[in-house]
Amino acid sequence: MFNRLTNQEWKILIEQSESSSLSKLEFCKLNGLSPSTFYTKRQQLKETVTSQGFIRAEIVKNTTKYRIRPVGSWGGYCSSACLKT
């Protein structure tokens, strides 16, 4: 009978495979896993982890600077003078 693994069980297996000296194919054979399912699940869990990250936020009181948040990774400070066009 086929037994589905939970995401937590997959995470444990993936961590074990990465700390193992076995190749991924050997690890899958030893644990009765389909290699294609293993790689697919590993990619899905990796995408889940990266999409659930946190961003840093600050509260700034009594300042003349504005926090600039353009699309992308740059985030700098600018005084009120640089916001005038």
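What counts and how
- Residues numbered from 1 in each chain as written.
- Predicted model: local features only at pLDDT ≥ 70, side-chain atom pairs only at ≥ 80, totals over all residues.
- Heavy atoms only, no water.
- Helix = DSSP H or I, 4+ residues; strand = E, 2+ residues; numbered from the N terminus.
- Buried < 20%, exposed > 50% of the residue type's maximum accessible area, 1.4 Å probe, protein only.
- Contact = heavy atoms within 4.5 Å.
- Areas by Shrake-Rupley, 256 points an atom, 1.4 Å probe, with all protein chains shown as cover.
- Phe/Tyr/Trp six-rings, centres within 6.5 Å; stacked < 30°, edge-to-face > 60°.

The name an unreviewed UniProt entry assigns to the protein chain is Transposase, from the organism Photobacterium aquimaris.

(A) Spatial organisation of the overall build of the protein chain. When helices and strands are tallied, the protein chain shows four helices and two strands. When the 85 residues of the protein chain are sorted by exposure, 14% land in the buried category. Taking all contacts inside the protein chain whose residues are at least 6 apart in sequence as the whole, residues at least 24 apart take part in 23%. In the form shown here, the protein chain has an accessible surface area of approximately 7600 Å², with 54% of it arising from carbon and sulfur atoms.

(B) Structural view of the packing of aromatic side chains. Following the criterion strictly, the structure yields two aromatic pairs and no others. Ring geometry for phenylalanine 27 versus phenylalanine 38: centroids 6.3 Å apart, planes at 55°, classification tilted. Of this pair, phenylalanine 27 sits in helix 2 (residues 24–30) while phenylalanine 38 sits in helix 3 (residues 35–51), and the two are 11 residues apart along the sequence. Classification of phenylalanine 38 as buried rests on a relative accessible area of 0%.

(C) Quick peek at the side chain of serine 17. Take serine 17: it is sitting in helix 1 (residues 7–19). You can call serine 17 buried: its relative accessible area is 1%. In this view, serine 17 contacts Lys24, Phe27 and Phe38; residues no more than four positions away in its chain are not counted.

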